[in-house]
Amino acid sequence: MKTKKVNVSSTEGLKTVAKSKRTISKPKAGASLEKAVRNVKQIIKKKRDEAKAVEEKETRLAESKPKQLKGQKVTGKKGIVYLGHIPHGFYEDEMKDYFTQFGRVTRVRVVRSKRTGKSRGYGYVEFLHSQVAKIAADTMNNYLMCGRLLKAVYIPPEKQHFGFFSGENWSRDKYPRLKNRKQVTLSRNCVQSAEDHRRYVQKSLSKLAALESKLQDKGISIKFQPVDVPST
């Protein structure tokens, strides 16, 4: 009986080739996403470094200039950036902390409703230097934040006015309607003087008389009898 000789070296070579094919690592699905995130971070870091360099340069120039005398007006304009599509929770304190990474922030304003004190979705950030404001606007425009596409636009000096930051900042606990409501409630609940009470009674009686005349014109005869009216 004849036996077939098996080439052991050839079979081992085939096994190693098959094993090497199996061990070839496939590219990860999130590799491209990670690469894109790294690129975005590098771009933002580059913009921040540029903003800091511009701020340091302008600060050195300002320090090298002679001090301003009393009575002279400052002709330079600060940089203001308009922010739209502000996400919920990104308000005054958060905006100032976030934009400080670009440069020195002097003022922040979130436009709020007079009736409720809630944010209306846009606001303004003022930087000490206009060049820093331009870089911040270019960097943060169309930036995806908390599911919203943030809009950042630099406002040139000729379009700036005091209305952007006039008055005091409002909040959910301090806004015009709430303030007026508290004043009215306080005035109604305070102790009235005799003269104020007399005026209130006369005003109420005049309203009742006007209502009686209107009803009389409609053919309804009715006479209101006030209760607890002090004698005059």
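I will try to describe carefully the structure that is included in this document. Since the model is a prediction, treat every value here as computed from it, not as a measurement.

### A short note on the sheet that holds strand β5 (residues 148-155)
Each strand in a sheet pairs with another by means of backbone hydrogen bonds, the pair being arranged parallel or else antiparallel. The 5 strands lie next to each other as β2-β3-β1-β5-β4, forming an open sheet whose pairing is antiparallel. Two strands bound the open sheet, and with one partner strand each, they are β2 (105-112) and β4 (143-145). Taking each pair of neighbouring strands and ignoring which way they run, the sheet shows an average axis angle of 25°. With 5 bridges joining them, strand β1 (residues 79-84) and β5 adopt antiparallel strand pairing.

### As for the layout of surface pockets
Volume-wise, the second largest pocket comes out at about 160 Å³. In this structure, the second largest pocket is lined by Arg109, Val110, Val111, Arg112, Lys114, Tyr124, Gly163, Phe164, Ser166, Glu168, Asn169 and Trp170. Considering each element in turn, the lining of the second largest pocket owes the most residues, 4 residues, to β2. Here the lining of the second largest pocket is built from residues that sort into 5 nonpolar, 3 polar and 4 charged.

### Side note on the nonpolar core
Counting 23 residues, the largest nonpolar core has Leu83, Met95, Phe99, Phe102, Val125 and Phe127 as its most contacted members. Among the elements that make up this core, the one with the highest residue count is helix α4 (residues 130-140) (6 residues). Once residues lying within four places of it in the same chain are set aside, the contact partners of Phe99 are Leu83, Phe90, Val105, Val125, Phe127 and Met140. With 6 residues, the next largest nonpolar core counts Val111, Tyr124, Ile155 and Phe165 among its residues.

Calculation notes
- Residues numbered from 1 in each chain as written.
- Predicted model: local features only at pLDDT ≥ 70, side-chain atom pairs only at ≥ 80, totals over all residues.
- Heavy atoms only, no water.
- Pairing = 2+ DSSP bridges.
- Helix = DSSP H or I, 4+ residues; strand = E, 2+ residues; numbered from the N terminus.
- Axes fitted to C-alpha atoms, helices over the stretch in contact; angles between N-to-C directions.
- 1 Å grid on protein atoms, 1.4 Å probe; cavity = no way out; pocket = protein on both sides within 12 Å on 5 of 7 lines; lining within 4 Å.
- Points joined across faces, edges and corners; volume = space filled by probe spheres on them.
- Nonpolar A, V, L, I, M, F, W, Y, C, P; charged D, E, K, R; others polar.
- Core = buried A, V, L, I, M, F, W, Y, C linked by side-chain atoms within 4.5 Å.
- Buried < 20%, exposed > 50% of the residue type's maximum accessible area, 1.4 Å probe, protein only.
- Contact = heavy atoms within 4.5 Å.

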